[in-house]
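# A structural walkthrough
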Amino acid sequence: MLPPCKPVTGNSAEQGSDLAILLRNGAKEQGHCITLNDAEDLVHEGEISDRIYVLEEGEITVSIKNQSGESTTVATLKPGAVIGEMTLFGETRRSATCSAKGNNVQLVSLENEEALKLIDNDTKARHSLVKELTKRSRSMLQYINEFSYLTRLISAGDLASVQSQINIEKASDDATVRAARKEFATMLARIKAREAELQDKIQLLTIEIDHARAAKEVDSIESDPIFQKLKSQSGSLRDRLKGN
């Protein structure tokens, strides 16, 4: 059972959208407060969505998993951010994992049903919710476009263009685009490291092949009848010279 929420005071009570302010005020009466420490998860990707949150103090990182199971941070949320608003549009499972960045991260929480009741009676909050949904959709489209573009470059082996795109990471105002480029920076580093490893293995294998070839050639020479005859004659010559 989550603890009841204390009244929100100070600057944090004025932060965020109309939706955040409405949910925060509602949480004073029927919500709960949550405190997280560094790296502690608020929600997990894939779990059931049954609550909505407003970030009061501290920061929250938003991450998703790729096909290989590795997590990529796609956003860092600041005080005033609403977390889990997609659940109000019927999303039944969390689309990302949200974790505390630093200690003493404070949030207020409301059940979906209570949040919807508050929003139904507030025009500004409804508009704010639609605006946030539009922003989220646009951001995810940009992320998908960036990810697809970089994937094509990787597939074509154009690592120079991938590096060039990564180098302009700070030029984008969209956190998800920067996250995509950061993910590919990690991927590019792995590719280059693997290429260097393969080059070392090829060089070592080449040396081993050269040694084997040289050894085989030596064996071939030593087993040649002419070489054996010369060797025998050389031995006889040495013996005669020693006798003299």
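Residues numbered from 1 in each chain as written. Predicted model: local features only at pLDDT ≥ 70, side-chain atom pairs only at ≥ 80, totals over all residues. Heavy atoms only, no water.

## As for the environment of G26
As a reminder, the rule being used: Elements are defined by DSSP. Helices are runs of H or I of four residues or more, strands are runs of E of two residues or more, and each kind is numbered from the N terminus. With a 1.4 Å probe rolled over the protein chains alone, any residue whose accessible area is under 20% of its type maximum counts as buried; one over 50% counts as exposed, and the rest are partly exposed. Here, residues are in contact when the closest pair of their heavy atoms is within 4.5 Å.
Along the chain, the position of G26 falls in helix α1 (residues 18–30). By relative accessible area, which is 7% here, G26 ends up buried. Separated by 82 residues in the primary sequence, G26 and V108 place their C-alpha atoms 9.6 Å from one another. If we ignore the near neighbours within four places in the chain, the residues touching G26 are G31, L110 and L118.

## Topic: the pairing of strand β6 (residues 97–111)
Under the convention used in this document: Think of it this way: DSSP has to see at least two bridges between two strands before they count as a pair.
Pairing between strand β1 (residues 32–36) and β6: five bridges, direction antiparallel. Each bridged residue has a counterpart across the sheet, and for I34 the counterpart in β6 is L107. When strand β2 (residues 41–43) meets β6, the two strands line up antiparallel, connected through two bridges. Directly across from V43, in β6, lies its bridge partner C98. Pairing analysis gives eleven bridges linking strand β3 (residues 51–65) to β6, with the strands arranged antiparallel. Bridge pairing in β6 places V62 opposite C98.

## Quick notes on the environment of Y143
Relative to the helices and strands, Y143 is located in helix α3 (residues 123–155). On the accessibility criterion, Y143 (9% relative accessible area) is buried. Once the C-alpha coordinates of Y143 and R181 are considered, the two residues, 38 residues apart in sequence, prove to be 9.3 Å apart.

## Focus on the packing of α3 against helix α4 (residues 159–167)
Going by this rule: Every axis corresponds to a line fitted to the C-alpha atoms, with the helix fit spanning only the stretch in contact, and the corresponding angles, defined between N-to-C directions, vary from 0 to 180 degrees. Each angle gets one of four labels, with under 35 degrees taken as roughly parallel, over 145 as roughly antiparallel, 65 to 115 as roughly perpendicular, and the rest as oblique. The handedness criterion is simple: a crossing whose near helix is rotated anticlockwise from the far helix by less than a right angle is left-handed, and one whose near helix is rotated clockwise is right-handed. Throughout, the ten residues Ala, Val, Leu, Ile, Met, Phe, Trp, Tyr, Cys and Pro are labelled nonpolar, Asp, Glu, Lys and Arg are labelled charged, and all others, Gly among them, are labelled polar.
Where α3 contacts α4, the axes come no closer than 8 Å and their chain directions differ by 150°. When the axes of α3 and α4 are compared, the pair comes out roughly antiparallel. The interaxial crossing formed by α3 with α4 has left-handed handedness. Judged by residue contacts, E146, Y149, L150, L153 and I154 of α3 engage L159, S161, V162 and Q165 from α4. The residue makeup of the contact of α3 with α4, split by class, is six nonpolar, two polar and one charged.

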